[in-house]
Amino acid sequence: MITFTPFSGAARSSQTVPLAYLLQVDDIRILLDCGSPDWNPENIETESGNGVTYPWQEYCDIVRKYAPEIDLVLLSHGDLAHSGLYAYAYCHWDLRAPCYTTLPVQAMARIATMEDVEGIRDEQEVDVEEEENNEPAVAEGAESSEPRSPKLKNEPKKFVAAIQEVHEAFDAVNTLRYSQPTHLQGKCQGLTITPFAAGHTLGGTIWKIRSPSAGTIVYAVNLNHMRERHIDGTVLYRPAAGGVFEPLARPDLFITDADRVNVVTSRRKDRDAALIDAISATLSSRSSLLLPCDSSTRLLELLVLLDQHWKYADFRFPICLLSRNGREMLTFVRSMMEWLGGTVSKEDVGVDGSGRTGGTRRRRGDDDADDEALGAFALRFKFLEFFPSPQSLLQTYSSKEPKLILAVPASLSHGPSRLLFSDFAAVPDNVVLLTCRGEEGTLGRILFDKWNNSQRGDDKWDKGRIGSNVMMDGAMTLKINSKVPLQAAELEAFLAKEKAAKDREAAHQASMARNQRILEADEDESDEDSDSDSDEEDEVERALDESQMDTDEISDLANGSPRKRKITKNEDDADWGLDIDEGLTKQLLSFDIYLKGNVSKATSFFKSAGGQTHRFRMFPYVEKKRRVDEYGETIDVGMWLRKGKVLENEADDEATREARRNQAEGETEAPREPPSKFVTSEVEIQLACRLLFVDMEGLNDGRAVKMIVPQVNPRKMIIVHAQAAAANALIDSCANIRSMTKDIYAPSVGETVQIGQHTNSFSISLSDELLSTIKMSRFEDNEVGYVTGRVASHFSSTIPILEPSGPAIPTPNTNILHTPRILGSRPIQILPRSTMIGELKLTALKSRLASVGVQAELVGEGVLICGAGARRDQSSSSIQDTVAVRKTGRGRVELEGTVSDIYYIVRKEIYNLHALVAT
């Protein structure tokens, strides 16, 4: 049984991102994607009966609830909408299930998440829920200037991971290649997952999940069948290859999105021309452009397009990328050139016509360290400059110089793009160029709606036309979050608090060091040779002296003259006489307890000259033992670690030691960030710039979706990631196709869809005798055979064994016995029955016939004409060499034609497309 529950990004929902779905196959729970919402929408507070709520609260609560129960995680794309929340859920919500994706998705998701968390943590305070006191939270030496309530009920909890947590989570992801089937183990044993190319993003994945009980499940969201500049289109639909990709056709369940079903996208040539024309006209007029973009996936397509145009037009204007991880992203991409496609040809990746790497064709003045790396020519981007912050950009170029600025994030909710927009929008003739619609509620979506509402009816973005830029007017109030240094009284209070913390830490370290010295001194004493006679005598003498001192002290107290005992010991002889803590004293007690004092003053008839002798209840001997464990003498781990470090330093060469010293010096010389606090200010902007939107999202439009889905022809389908109008439009379109399934579901958030019935699977072992008699037939990726036998249990195995059944006792057939046999006739033989497993696809049959030299053409719906009738230049007299193949119903195939060689060839190929099992 299959159970499907959308956590977010469901059908008939106004909020289509992020994407996260729970797919349960029998007892196995699979999380399909784990995206993060935008943590900084314009109006995040919503009044409800329980107080202030936030848009992501319900989604995060349900992910946190199910995270420990997830058995498998599959990520399809490397952007925040599909993978942004995975790092936080992995580290904080115990989402430790095995996670699979492709190598580019792992790298791109890591970079996108790091860019997001660094931008948010640099401007805002996110870990406020963990505060217990009324003091403002401090993060990276920063204090908040805004007052906080004692219980912090009104503070939004943003589930933003730390940098180290992002690396830890994505290091644990398992990476696969396209078309690489993986047989899972553990609780997921029996499932097979295979990734296929989805387009849209580098490494974007269509997941094919095969289950022995539930069949084949295909999860395909955010597809693009069109070839782009840096990647190829999806393999799901290839017109040149005959339509739908065979391994993905006719699945038992097809999960796809319908977000752009009602959208008609303009031609790619028109969109590229509009983008380039707007950039060229603005820069030529000595103005600048702000192009908000993402940090990893769709940024590559823009960079390749801009780099090609800059070379063609010979521009000298700078292309400025404001991203903390932009350089690292391009380094990752250059190492994954085998995943690229599109118009990146062999010449671009540094291979000349003879197949040799063109190492001598390197451009001069390139500072990249990987000049010899494959892909250095394709993704060099010599016109691109990297800036980590707007301040560094202004230090290099003044605000009046014309330039193209690519700033993250695309939603303009925080980070460099929002800060630049607050200064950029007030300058006339500047252009804000949007390439995506943005998430609902963000500043990017507000600007898109403003532009779209200003267009005429036929020029709106979803009508297949390119709109025109609009002049913005009016005022807009924005909240700008920033971190400012502490000053005056705040700085003094922070320094005093920091000094007190350092004093406490120093006192604690001093106490730990003192305790360590005492423990080492006692360990040195216990490690002495206990067999030395001189040591034994000295120990006895010391014990006797101490006992005498105790006796004298008791006598003095009895005589009324209190005399304080003073024992002086050096650090190496630390024993009982030290003034140390009570807990440490218990640890320093020797192994054999010596009973000091408590002597008996018994009188005797014979008196000694020196007075009464003292008799001890136990012989005054202290035995020194070595510390041992169950394996023998304990090992000094610290000594071995120190020795290993010395050996490691001796093994390193001079270059390694020099690099290590330089790294240590760099760490010590790194400037310490001054104490700062987070502040929020409201800025009123007088809008005077121009606004333009060009769709560069790289997704299928409605025409492509309505054409591809019927050709996939699934048995059941689930629609996700769509608004109500788009979901209903796709359902209505599929209802008009006779061969399309009627089992189409469009669940809302939290709604559960159950498909099929719960089945129980059992394990059974085949005996060697039975296995040798089975005739196997190959069907797709499996081998199928028919068996009959009896189940037996053996004491040596917990799994039942299927053994051949004994010879059946023939039952007399009265009809056969009493029917007179005709002279010369053969006895009646019961022929074995056979079953054909599989479903005939006429397109596959046409391809097989073409490979054996038989021409075939599809005519009408479900009819394939084979042989001479498929050639138009043949006369009607050759109809005898024509065979027609018809699919009249589910599982029914009719082969019509005269008995000829063509007939038997076609029948043989039909048999070869099925698994023939004798029953």
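As a starting point, this report considers the structure included with it. (Residues numbered from 1 in each chain as written. Predicted model: local features only at pLDDT ≥ 70, side-chain atom pairs only at ≥ 80, totals over all residues. Heavy atoms only, no water.)

## Focus: the overall build of the protein
- Helix and strand content of the protein: 22 helices and 41 strands.
- Classification of the 919 residues of the protein by burial places 44% in the buried group.
- Counted over contacts in the protein with a minimum sequence separation of 6, partners at least 24 positions apart contribute 72%. (Helix = DSSP H or I, 4+ residues; strand = E, 2+ residues; numbered from the N terminus. Buried < 20%, exposed > 50% of the residue type's maximum accessible area, 1.4 Å probe, protein only. Contact = heavy atoms within 4.5 Å.)

## What about the sheet that holds strand E31 (residues 765-766)?
- With respect to topology, three strands assemble into an open sheet ordered E31-E35-E34, the strand pairing being mixed. Across the chains shown, the open sheet's two edge strands, defined by having one partner strand only, are E31 and strand E34 (790-792).
- Here E31 runs beside strand E35 (residues 801-803); their pairing, made up of two bridges, is parallel. Looking at the pairing, Leu-766 lines up with Leu-802 of E35. (Pairing = 2+ DSSP bridges.)

## Examining the packing of aromatic side chains
- Taken as a whole and assessed by the stated rule, the structure comprises 22 aromatic pairs.
- Each ring, one from Phe-4 and one from Tyr-21, has its centre 5.6 Å from the other, and the planes form 25°; the classification is stacked. A residue pair is termed long-range when its members are at least 10 positions apart, and Phe-4 in strand E1 (residues 2-8) and Tyr-21 in strand E2 (residues 20-25) qualify at 17 residues.
- Of the residues examined, Phe-4 reaches a relative accessible area of 0% and is grouped as buried.
- Ring plane angle 80° and centroid distance 5.8 Å describe the contact between Phe-448 and Trp-461, whose orientation is recorded as edge-to-face. Of this pair, Phe-448 sits in helix H11 (residues 443-453) while Trp-461 is found in the loop between H11 and strand E22 (470-471), placing the two residues 13 residues apart along the sequence.
- In this structure Trp-461 comes out as buried when scored by relative accessible area, which is 11%.
- Among the aromatic side chains, those forming a connected cluster through ring pairs are Trp-39, Tyr-54, Trp-56, Tyr-88, Trp-93 and Phe-159.
- We note Arg-96 situated over the ring of Tyr-90; from NZ or CZ to the ring centre the distance is 4.1 Å. (Phe/Tyr/Trp six-rings, centres within 6.5 Å; stacked < 30°, edge-to-face > 60°. Lys NZ or Arg CZ within 6 Å of the ring centre and 35° of its normal.)

## Comments concerning a nonpolar patch on the surface
- On the surface, Ile-764, Leu-766, Leu-771, Val-787 and Val-791 cluster together into a nonpolar patch covering about 400 Å² of accessible area.
- For Ile-764, the position within the fold is in the loop between strand E30 (753-755) and E31.
- Assessed through its relative accessible area of 43%, Ile-764 is described here as partly exposed. (Patch = residues over 30% accessible without salt bridge, like charges linked within 9 Å, V, L, I, M, F, W, Y side chains within 5 Å. Areas by Shrake-Rupley, 256 points an atom, 1.4 Å probe, with all protein chains shown as cover. Salt bridge = Lys/Arg side-chain N within 4 Å of Asp/Glu carboxyl O.)

## With respect to the pairing of E2
- Across the six residues of E2, six count as buried, placing the element largely inside the fold.
- Because side chains alternate across E2, one face comprises the buried residues Ala-20, Leu-22 and Gln-24, and the other comprises Tyr-21, Leu-23 and Val-25, equally buried.
- As paired strands, E1 and E2 are joined by six bridges and run antiparallel to one another. Counted as the bridge partner of Phe-4 is Leu-23 from E2.
- Examined bridge by bridge, E2 and strand E3 (residues 28-32) share five bridges and lie antiparallel to one another. When the sheet's bridge partners are listed, Gln-24 is paired in E3 with Arg-29.
- Between E2 and the antiparallel strand that follows it, E3, lie two residues; Asp-26 among them carries a positive phi value of about 55°.

## Some remarks on the packing of helix H4 (residues 103-121) against helix H8 (residues 326-334)
- Across the interface, H4 lies against H8 with an axial gap of 10 Å and an inter-helix angle of 180°. Classified by the angle between their axes, H4 and H8 sit roughly antiparallel to one another. Every residue of H8 that contacts H4 at Ala-107, Met-108, Ile-111 and Met-114 is listed here: Glu-328, Met-329, Phe-332 and Val-333.
- Residue composition of the contact of H4 with H8, grouped by class: seven nonpolar, no polar and one charged. (Axes fitted to C-alpha atoms, helices over the stretch in contact; angles between N-to-C directions. Parallel < 35°, antiparallel > 145°, perpendicular 65-115°, else oblique. Nonpolar A, V, L, I, M, F, W, Y, C, P; charged D, E, K, R; others polar.)

## Remarks on H4
- In this model H4 runs 27 Å from its N-terminal to its C-terminal C-alpha over 19 residues, within 8% of the 27 Å that 1.5 Å per residue would give.
- Counting buried positions along H4 yields 16 of 19 residues, so the element is predominantly enclosed. (Expected span 1.5 Å × (residues − 1).)

## Thoughts on the sheet that holds strand E9 (residues 174-176)
- In space, the seven strands of this open sheet follow the order E9-E7-E6-E3-E2-E1-E30, with mixed pairing throughout. Because the sheet does not close on itself, it has two edges, and the strands there are E9 and E30. Across the sheet, the mean angle from the axis of one strand to that of its neighbour is 25°, orientation sign disregarded.
- Pairing of E3 with strand E6 (residues 72-74) involves three bridges; the strand directions are parallel.

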